[in-house]
Amino acid sequence: MTTTTPDSKEVAQAPINLAFTSELKIAALREMLRIRRFEQQALKFYNQGKMGGFLHLYIGQESVAVGAASFMNGHDEMITAYRDHGHALAVGMSMEECMAELFGKATGCSKGKGGSMHFFAPDKHYWGGHGIVAGQVPLGLGLAFALKYKNIPGCALCFLGDGAVNQGVVAESLNLASLWDLPIVFIIENNGYSMGTSLERSSAIADCLAERAAGFNMKWSVVNGSHFYELRATLHASMEEARTTLHPVLLEIKTYRYYGHSIADANHKKYRTAEEIEQYKKNHDPISCWQHQLIEEGILTESMLESIDRAAKEEAAASVAFAEASPWPEPSSIFTDIYSEVDSASDAGRTGVHFFSDLS
Amino acid sequence: MPLITYRKALNEAFAEELSRDESVFLMGEEVAEYNGAYKVTEGLWERFGSKRVIDTPISEAAFLGLGVGAAMMGLRPVVELMFWSFAYVGFDQIINNAGCVRYMSGGLINVPMVIRGPANGGTSVGATHSHTPENLIANTPGLKVVCPATPYDAKGLMIASIRDNDTVCFMENTLLYGTTGEVPEGSYTIPLGVADCKREGTDISFITYGRAVLTALEAAVILQAEHGISAEVIDLRSIRPLDEEAILNSVAKTHRVVLIDENKPFCGISSQIAATIAEKAFDELDAPILRVTALDAPAIYSMPLEKLQLPTPERIVNKALTLF
């Protein structure tokens, strides 16, 4: 991690940041806090055994999803990997449907069929939530391809982690995106660790992942995720570049996660030091950094902050109450949402045997 | 009705759908300017242009995934694999993404895509180019699998597959591309999940699909001529959804059954059919369910030996005779 410095005056004066009103600055803080409080509640109840599987927390990275989602203009599409709660909330999914999904309930965003790694909201231009490392990257290409095919003036935002860059399909996808001039921004959220393996132990060139884009004739840049003005300016410029030139851009955002790869990652204090985690929390936390910035600008007061935070905590607690009170999915739902034709009881869906067992 | 090749029948299906629906596009290695490695897409790039008929680099995982993403957004990609064997480098995209995204999204997302290409052995190209993954794909609820044997079926099933709102894995056969049959002009569909009785019979049922249908029909002729045994040949046409009713009706009629396919025997398509018959028609059987499949070894290169590896009329006849 490079040492943090406050956003430079220059970046804060970029047109996109000059247009950033006080209300929107507060709104961004609110979104970041909502994500953090949601996940802290999720962690509490995960540890109580209320959830299955894995829980990959986004805590420490919130500025990235919030910054990117704030620039989506109704024509843009977003897709990410398994650390997907932050993106889901940032695009406008409700805490209730997300928490209920974590609890495996019928009221979950995927009716309890996807879990933590698989949140989707196509109506909000959010395409998941994908569990296989880098598996979502070519899907992102497809989103961009469809935008261009339909002459829709948007771009695709395709998130991946620093561990994903060493999957072969990423190289294939970067090549195709550039070769075919697809409007897509690849956003590497570099939190330094692919599960328990540090960047130094996973990538031949560890100090810069984004420059791989040069091999595919693609613009790239590296941004510090703790510097919200800089992050915003770069995201905005990159999305605009993709939309207008129909050519891809690759961003690497330096960020950090405080918790393990997932909460099942018992070794996360063995592959990195407690000092490293503390140092990040103290000096680089995106929410703290942004709070300080807003207080310094005179936009935010301690009492406003408290009230925003309280509201976020209450919303998160209410989402747990909603999830706990929600029913489990019916056993019969095991056989729905598999084939569209079957669900719609079309001629095709009623012809031939689609399933080779039943509940008996 | 015009007599055309299986290859041409598929080509006509693409032309019909490209003309009818703007959201349909073809994509794959050499499908456009080269006219298709097996000429299945011949002339379509010239006619429909580069937006609709698209050459890809050799990046199966990326362009399969691109197809899934585009289909999620409402387009109807028809993605060619030069060989279905090449699907194995893009398996994540087919199984995890095309196969699972609807379920994991609680039904919010459809993937109306066709993935197609030849899936067969018998051409002396060695084990890695000779895979028949219909059983692997059919093992994933969410995906559909179609294996047509004739030009007529190929065209009607392809049009139905392109119009289907789920992902259809369409498995052709390089040894069938040059075969001919009567095919209507214009558009028609054959529903997925409906088998076709290719030959009526009374003494034994051959349940089969793909090129093995032709082999089974040859065996049926020999059985009738040399042994006076009347064999019925049921062509499944689609593997998933499956026409179980047609299978069970035929077994109830003949009481003897041999399952024939070019898939490997272990957890192959024939295993599933055998389980179905054993579970649902046990009392109809006068003899054990037998199978003739590809010999259970990687596809061998050597020409005369490879011919032995796939079902032959002789193997089918011999197997059938053990039941009488």
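Residues numbered from 1 in each chain as written. Chains lettered and ligands numbered in written order. Predicted model: local features only at pLDDT ≥ 70, side-chain atom pairs only at ≥ 80, totals over all residues. Heavy atoms only, no water.

> How would you explain the interface of chain A and chain B if you had to name every residue and give the values?
Taken together, the 47 residues of chain A in the interface contact 56 residues of chain B. Of the roughly 4,100 Å² buried where chain A meets chain B, counting both sides, 66% is carbon and sulfur surface. In terms of surface lost to chain B, no three residues of chain A exceed Tyr149(A), Tyr339(A) and Phe356(A), which account for 18% of the buried area on that side. There are one salt bridge connecting chain A and chain B. With a shortest N-O distance of 2.6 Å, Arg102(B) and Asp343(A) are connected by a salt bridge. Applying the counting criterion to the chain A and chain B interface returns 24 residue pairs in polar contact (both at pLDDT 80 or more). Breaking the side of chain A that touches chain B down by element, the ones donating at least two residues are helix 7 (137-149), helix 8 (168-179) and helix 14 (340-343) of chain A. With nine residues, helix 7 of chain A is the single largest residue contributor to the side of chain A that touches chain B. (Contact = heavy atoms within 4.5 Å. Buried area = accessible area lost by both parts, 1.4 Å probe. Salt bridge = Lys/Arg side-chain N within 4 Å of Asp/Glu carboxyl O. Polar contact = N/O pair within 3.5 Å; in protein donor to acceptor, adjacent residues only side chain to side chain. Helix = DSSP H or I, 4+ residues; strand = E, 2+ residues; numbered from the N terminus.)

> Please set out the domain arrangement of chain A residue by residue, giving values where relevant.
Looking at chain A, the domain boundaries give domain 1 (9-326) and domain 2 (330-360). Put simply, the middle of domain 1 of chain A and the middle of domain 2 of chain A, counted by C-alpha atoms, are 35 Å apart. (Domains from an automatic or database assignment.)

> So what's going on with the domain arrangement of chain B? Residues and values would help.
Residues and elements named next belong to chain B. Parsing chain B into structural domains produces domain 1 (3-182) and domain 2 (196-321). One C-alpha centre belongs to domain 1, the other to domain 2; they are set 26 Å apart. Taken together, the contacts link 26 residues of domain 1 with 25 residues of domain 2. Roughly 2,000 Å² of surface becomes buried between domain 1 and domain 2 when both sides are summed, with 56% attributable to carbon and sulfur atoms.

> Could you give me a rundown of the environment of Tyr88(B), with the residues and numbers involved?
All names here are of chain B. Relative to the assigned elements, Tyr 88 resides in the loop between strand 4 (76-80) and helix 4 (91-98). Along the chain, Tyr 88 and Glu 60 lie 28 residues apart, while their C-alpha atoms are 8.9 Å from each other. Excluding residues within four positions of it along the chain, Tyr 88 makes contact with His 131, Pro 133 and Leu 136.

> Break down the sheet that holds strand 2 (residues 156-161) of chain A for me, citing the residues and quoting the values.
As a general point, the strands of a sheet are linked pairwise by backbone hydrogen bonds and lie either parallel or antiparallel. All names here are of chain A. One open sheet accounts for five strands, arranged 1-2-3-7-6; its pairing is parallel. The sheet is open, and its two borders are formed by strand 1 (77-79) and strand 6 (219-224), each paired with just one other strand. Strand-to-strand twist of the sheet, defined as the mean angle between neighbouring strand axes without regard to direction, takes the value 20 degrees. The pairing of strand 3 (residues 184-190) with strand 7 (residues 249-254) spans six bridges and is classified as parallel. Opposite Asn 190, over in strand 7, you have Lys 254 as the bridge partner. (Pairing = 2+ DSSP bridges. Axes fitted to C-alpha atoms, helices over the stretch in contact; angles between N-to-C directions.)

> Go over a nonpolar patch on the surface with me, naming the residues and quoting the values.
Taken together, the side chains of Leu295(B), Ile300(B), Leu305(B) and Leu308(B) make up a nonpolar region of the molecular surface, amounting to roughly 340 Å² of accessible area. Take Leu308(B): it is sitting in helix 11 (residues 303-309). (Patch = residues over 30% accessible without salt bridge, like charges linked within 9 Å, V, L, I, M, F, W, Y side chains within 5 Å. Areas by Shrake-Rupley, 256 points an atom, 1.4 Å probe, with all protein chains shown as cover.)

> Talk me through the pairing of strand 5 (residues 114-118) of chain B; I want residue IDs and the actual numbers.
Residues and elements named next belong to chain B. Of all five residues that make up strand 5, five are buried, and the element is covered over most of its length. Two elements, strand 4 and strand 5, share three bridges in a ladder whose sense is parallel. Note on strand 5: the bridge partner recorded for Val 79 is Ile 115. Here strand 5 runs beside strand 7 (residues 167-172); their pairing, made up of five bridges, is parallel. Bridge pairing in strand 7 links Val 114 to Val 168. (Buried < 20%, exposed > 50% of the residue type's maximum accessible area, 1.4 Å probe, protein only.)

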